[in-house]
Amino acid sequence: LTAMDDPDIDQDQGTVRIRGKGRTERLGLLGEPARAALAAYRTLRDAIHGGGTADRGTFLSIRAKRAGGRRLATRDVARILRSHLIAAGLSTRTT
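**Some remarks on unusual backbone geometry**
Even without a glycine there, the phi angle at Arg23 is positive, about 60 degrees. Note on placement: Arg23 falls in the loop between β2 (15-19) and β3 (25-29). Among the residues examined, Arg23 registers a relative accessible area of 80% and is labelled exposed.

Structural data, given as structure tokens:
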């Protein structure tokens, strides 16, 4: 998620290019609910951070006040996940 750029996502085909360790690439599928959520997120993101460039990252930190935003870091994702696990009453000792 933290390395994903907008060009990696093909909304029409419902696919996303995922880069992993060792520069491996895989193709993931996006269902209709994920496509709709992603479209809504991009609209909100662009309203907050502006249009930006294609390589700025798909997921940006809401905390970044600078123009164009800042990519979510791995630590940001871990923090978000932890808060949702706590809210759901689940253990935070997941990996």
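There is more to say after this.
**With respect to the pattern of salt bridges**
The tally for this structure, following the rule as stated, stands at twelve salt bridges. For Arg71, the salt bridge is made with Asp5, and the minimal N-O distance between the two is 2.4 Å. In this pair, Arg71 is assigned in the loop between α1 (32-49) and α2 (74-87) and Asp5 in the segment before β1 (9-10), connecting sequence segments 66 residues apart. Exposure remark for Asp5: the relative accessible area of 14% places this residue in the buried category. The network of salt bridges with shared partners includes Asp5, Asp8, Arg17, Arg19, Glu25 and Arg71.

**What to know about the side chain of Asp76**
Here Asp76 shows up in helix α2. Aside from chain neighbours lying at most four places away, what touches Asp76 is Arg70 and Arg71.

**A short note on the sheet that holds β3**
Spatial strand order, β1-β2-β3: three strands in an open sheet with antiparallel pairing. Of all strands in the sheet, those bounded by a partner on one side alone are β1 and β3. Judged from the five bridges that link them, β2 and β3 form a sheet pairing that is antiparallel. Looking at β3, one finds that Thr15 is bridged to Leu29.

**Topic: the packing of aromatic side chains**
In the structure shown here, the tally under the stated rule is one aromatic pair. Ring geometry for Tyr41 versus Phe59: centroids 5.3 Å apart, planes at 35 degrees, classification tilted. Note that Tyr41 is positioned in helix α1 and Phe59 in the loop between α1 and α2, a separation of 18 residues in sequence. Look at Phe59 and you get partly exposed, because its relative accessible area is 22%.

So, how was this worked out
Residues numbered from 1 in each chain as written. Predicted model: local features only at pLDDT ≥ 70, side-chain atom pairs only at ≥ 80, totals over all residues. Heavy atoms only, no water. Helix = DSSP H or I, 4+ residues; strand = E, 2+ residues; numbered from the N terminus. Buried < 20%, exposed > 50% of the residue type's maximum accessible area, 1.4 Å probe, protein only. Salt bridge = Lys/Arg side-chain N within 4 Å of Asp/Glu carboxyl O. Contact = heavy atoms within 4.5 Å. Pairing = 2+ DSSP bridges. Phe/Tyr/Trp six-rings, centres within 6.5 Å; stacked < 30°, edge-to-face > 60°.

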